[in-house]
Protein chains: 2
Amino acid sequence: VTRDDIPTPALLLDLDRFERNLRAVAIHLSAAGKRLRPHAKTHKCPEIARRQIAAGAIGIVCAKLAEAEVMAAAGIPGLLISTEVVGVEKIGRLMRLLDRDPDVLAVVDHPDNVGDLARAARAAGHVLGVLVDVDVGGRRTGARPGEPALALARAVVDSPSLRFRGLQGYAGQCAHVVGWAARREAAGKAMAPLIETRSLLEGRGIPVEIVSGGSTGTYDIDSQLAGLTELQCGSYCVMDLDYLRIGGRSGDRLTDFEMALTVLATVVSVPAPDLAIVDAGLKAFATDRPFGPEPVERPGLAYEFAGDEHGRLLIRDPRGVVQLGERLEFLPPHCDPTMNLYDRLYAMRGRRVEGVWDIAARGKSQ
Amino acid sequence: VTRDDIPTPALLLDLDRFERNLRAVAIHLSAAGKRLRPHAKTHKCPEIARRQIAAGAIGIVCAKLAEAEVMAAAGIPGLLISTEVVGVEKIGRLMRLLDRDPDVLAVVDHPDNVGDLARAARAAGHVLGVLVDVDVGGRRTGARPGEPALALARAVVDSPSLRFRGLQGYAGQCAHVVGWAARREAAGKAMAPLIETRSLLEGRGIPVEIVSGGSTGTYDIDSQLAGLTELQCGSYCVMDLDYLRIGGRSGDRLTDFEMALTVLATVVSVPAPDLAIVDAGLKAFATDRPFGPEPVERPGLAYEFAGDEHGRLLIRDPRGVVQLGERLEFLPPHCDPTMNLYDRLYAMRGRRVEGVWDIAARGKSQ
C-alpha cells in the first residue's frame, strides 16, 4: 500500500523524521539530566506513546481523564493527568482507573478537590499519587506559588489516602513566544516561583520527588532549570508550523525537530487557471492559528480555507499548476487539534504505508 | 439520566427547539412549493437525518462520499454527494455504494471526471444519476454557468451509464452576508446564472428535473427563486452564533430558527476571583470564526480559549461568579465543525437525557 491508495483527506506521519525527533529529545534531556514525560494531548495515539517510552520516556502526560483511560487500556505506564479531576462522575472514573493502574498521578489546585479525592480514594481502598498544580503565570489552572501551594501540599500530606509526589507548573504562555532569547527570559521568570515553591516545601520538611513542566517551545531552556525533574514536551515528536515559526536557539525557525506530520489531500476541481480545490477544509485542519496550512515542497501555490470540506489552492505562478486528481501534502498550523480530527494516522516510510495507527483517544476530552 | 450525569465536555441538543426548527423550515418551504434536501455536513448524525426525512425532507445532501457511505448504511434515502468524486479509489467506492443504493446522486464539474464516472458505472453495470455542479461565484467547485455547463450536461446525456438529473449551485459566499436585504441582493445576483443555465439547457432540449442549492442564511430568499427546485439548508436544524449574527428578514438576529445546540462544560479550577477554568477548549469548539463561544444565560461571564483542553471564564461582575464543579452550557460559534469534534450527541428534553445519538459520520471527510 502506498500514498496513492490512501483515502483523502488523511493524516500522514513521516517515520524517519518522527524517529529522529524522538532521538533528538532523548539525547538532549539525557545530557541535561532530566526525565521526559511527553504530553499525549498532542497525538492521542497509544502507538506513539509506546514508541516514546521505548525511546526513554518515563511515562506520558494526559490532558484529561478520558485520554488516560485509553492509554491505560493500551498498557501505557507512568500516566500523569495534567488537568484537575473534578466532580462526582469524573472522580468515580478516576477510582476505577486506579483499579487498573495504581500508579496514575493526579493534580490538585483547590482544597475542596483534595478533600473529594481523599474521601473517594479512602472509600475505594486506594492511595492516589498527587502533584500540586502551581500557577506559573498562564492564567489557567494552578494554586498560587508559595504559601497557597504549601498549604495545599500539607492538605495532601495530611490525607492518608493521598500521597504527595511533587509539583506541576505548565507555562503555556511561554511556549509560543517568538525568538529564543525572549522565550528564555519569559520562561525563566515564569518558572522561578515554581522552583522557589519546591525549596519552600523542602524547607518545611515536605520531600518533593517530582517537579514536572515545560513544553516543546522551551525544551532546551527548561532542561537547564535546576529543580525541575521532568519535561512535558508534546509537539516535538511531530512538530507544526506554529512551533517552526517561534525560532530556535540558532535561527529564526525551530529546526531542532523535523516536520513529521502532514495532511494528504486530493485536487477535486480545477475551475480556473489560477484556482484548484482540494478535499481538505475546516474539518481537516485545526483553525486556531492566525495562519493556514502550507503546501509541502510546492512553490507557486498557497492554501486558503474554502468551507467545512474544501480548501482553495491559489496558483500564483506556472510552477503551481496542479492536475485534477493530483495528491498534495500540507503542513498543519497546529498539530494537537489537527490530530484530534482524525481517527487514524498513516505511518509512512517514504511513500510506503508502514502502519495505520489508531488515534484511539481522539475526542476523549472528558 | 440527567444533565448532571453527562461526562463533559459534551454536545447537547435541545429537542424542543430542534423539533420546532424542523417544523419551521417544512412549513416555509411547503408554502413556497420547494423541496428540502438538508445538508448532513452540519450534523453527520443518521438519527438527525432520519428525523429530517420524517419531517418532510426528500433526502439529504452529503459533503463527501464517506459521509454518504455512513448515511446509506443507516438506511437514509435520497442521498446527493455535493463534492465531486475524483480519483480511482473514490470512484471505486462510489460504485460499491451504488450496489447498496442505486439512487445516490453525484455532481460533476469537469469532462475528465464525467468520462471516469461513465466508464466505472458502465463496468459496474450501474446508471449513475448526475447533477452538473455550476459555479455561482463562490470560487469553489463548479463549471462556469452557460455554455460550459451546457457542454458538460451534453457529455452526461451522451453517456449511457450516466443519467442527467439537473444542476447544483451552492452560493456559500452569500450564506453569511450580514443583513437580510444585502443577503437578498447578493443571493439574487449569484443564483441568476444558475437559473439562466437551466433555461439554456431546457431550450436545447435537455430536461432539468432538479436544481439544488441554497443555505440556512438564504432559505427565505432562495425559496422565492423560480427555477430552483430544492434547498440544501443544513444549519437551520441546530443553529449557531454565526447564523444568529447575520440577522433575519425582520431584525438584526436570525431568530427564525432556535439555538438548539450547546456544549456542556465543567468548572475545573477557580484560581482567582475574576477567573474560572472550564474543561472545554480548542478541541471542544470549532475555532474558525473571529468570535468565540458564549455562555448560555449567564450574564457577567465571558469565555476565551485557553489551550487545547481548557477555556477561561472571565468574571466581569458578581453575577458571573461560578463554583468549582459547576456545569455551564455554551453556544458554539459554528455548528458544523463543532459537531465534527464529538462522537455523540445528548438529545435533551429539558434537563433529562432522552437519547444519545451517534455522530456516525464524524471525521468522515474522505
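These notes cover the structure that comes with them. (Residues numbered from 1 in each chain as written. Chains lettered and ligands numbered in written order. Predicted model: local features only at pLDDT ≥ 70, side-chain atom pairs only at ≥ 80, totals over all residues. Heavy atoms only, no water.)

1. Comments concerning the relation of the copies chain B and chain A
Working step 1: When chain B is fitted to chain A, the residual RMSD is 0.0 Å, and the transformation amounts to a turn of 180° plus an axial shift of 0.0 Å. Such a turn and shift between the copies fits a two-fold axis. Minimal C-alpha distance to the rotation axis in chain B is attained by threonine 287 of chain B, lying at 2.9 Å.
Working step 2: A symmetric contact is evident, with 100% of the interface residues of chain B recurring at the interface of chain A. (Least-squares fit on C-alpha atoms with pLDDT ≥ 70 in both. Contact = heavy atoms within 4.5 Å.)

2. A look at the pairing of strand β7 (residues 162-169) of chain B
Residue and element names in this part refer to chain B.
Working step 1: By the criterion of burial, β7 is predominantly enclosed, with seven of the eight residues buried.
Working step 2: Each parallel crossover has a hand, and the one from strand β6 (residues 128-133) via helix α6 (residues 147-157) to β7 is right-handed.
Working step 3: The pairing of β7 with strand β8 (residues 210-213) spans four bridges and is parallel. Bridge assignment links glutamine 168 to a residue of β8, and that residue is serine 212. (Buried < 20%, exposed > 50% of the residue type's maximum accessible area, 1.4 Å probe, protein only. Helix = DSSP H or I, 4+ residues; strand = E, 2+ residues; numbered from the N terminus. Right-handed = clockwise from strand over helix to strand, strands pointing away. Pairing = 2+ DSSP bridges.)

3. Things to note about the interface of chain B and chain A
Working step 1: With 56 residues of chain B at the interface, the matching set in chain A holds 56 residues.
Working step 2: Taken together, both faces of the contact between chain B and chain A bury some 4,800 Å²; the carbon and sulfur share is 50%.
Working step 3: On the chain B side of the contact with chain A, Arg139, Arg140 and Lys283 of chain B bury the most area, a combined 15% of that side's loss.
Working step 4: Linking chain B to chain A there are twelve salt bridges.
Working step 5: Between glutamate 309 of chain A and lysine 64 of chain B there is a salt bridge, and its shortest N-O distance comes to 3.3 Å.
Working step 6: Joining chain B to chain A, the criterion identifies 35 residue pairs in polar contact (both at pLDDT 80 or more).
Working step 7: Those elements that place two or more of their residues in the side of chain B that touches chain A are α4 (88-100), α5 (111-124), β10 (261-272), β11 (275-278), β14 (311-315) and α11 (335-339) of chain B. (Buried area = accessible area lost by both parts, 1.4 Å probe. Salt bridge = Lys/Arg side-chain N within 4 Å of Asp/Glu carboxyl O. Polar contact = N/O pair within 3.5 Å; in protein donor to acceptor, adjacent residues only side chain to side chain.)

4. Re empty space enclosed by the protein
Working step 1: Applying the stated rule across the entire model yields five cavities of 30 Å³ or more.
Working step 2: Empty space within the largest cavity amounts to approximately 150 Å³.
Working step 3: As for the largest cavity, its lining consists of 16 residues, and the residues nearest its centre are Ala286 and Leu341 of chain A together with Ala286, Thr287 and Leu341 of chain B.
Working step 4: The residue inventory of the lining of the largest cavity, partitioned by class, reads ten nonpolar, three polar and three charged. (1 Å grid on protein atoms, 1.4 Å probe; cavity = no way out; pocket = protein on both sides within 12 Å on 5 of 7 lines; lining within 4 Å. Points joined across faces, edges and corners; volume = space filled by probe spheres on them. Nonpolar A, V, L, I, M, F, W, Y, C, P; charged D, E, K, R; others polar.)

5. Considering the pattern of salt bridges
Side-chain pairs of opposite charge can arise whenever the charged atoms involved come near each other.
Working step 1: Applying the stated rule across the entire model yields 68 salt bridges over all chains.
Working step 2: Note that glutamate 230 of chain B is salt-bridged to arginine 37 of chain B, the shortest N-O span being 2.8 Å. With a gap of 193 residues between them, glutamate 230 of chain B in strand β9 (residues 230-231) and arginine 37 of chain B in the loop between β2 (35-36) and α2 (46-54) connect regions that are remote in the sequence.
Working step 3: Taking the relative accessible area as the measure of exposure, glutamate 230 of chain B reaches 2% and is therefore buried.
Working step 4: Where salt bridges share partners, they join Asp16, Glu19, Arg349, Arg352 and Glu354 of chain A into one cluster.

6. A short note on the packing of aromatic side chains
All names here are of chain A.
Working step 1: In total, this model carries 16 aromatic pairs over all chains according to the counting rule given.
Working step 2: Note on tyrosine 236 and phenylalanine 257: the rings are 5.8 Å apart at their centroids and 65° apart in plane angle, and the pair reads as edge-to-face. With tyrosine 236 in the loop between β9 (230-231) and α10 (241-245) and phenylalanine 257 in the loop between α10 and β10 (261-272), this residue pair connects regions lying 21 residues apart in the sequence.
Working step 3: Residue classification places phenylalanine 257 among the buried positions, given a relative accessible area of 3%.
Working step 4: Within the aromatic cluster, the residues linked to one another by ring pairs are Phe285, Tyr303, Phe305 and Phe330.
Working step 5: Directly above the ring of phenylalanine 291 sits arginine 245, whose terminal nitrogen or CZ lies 3.7 Å from the centroid. (Phe/Tyr/Trp six-rings, centres within 6.5 Å; stacked < 30°, edge-to-face > 60°. Lys NZ or Arg CZ within 6 Å of the ring centre and 35° of its normal.)

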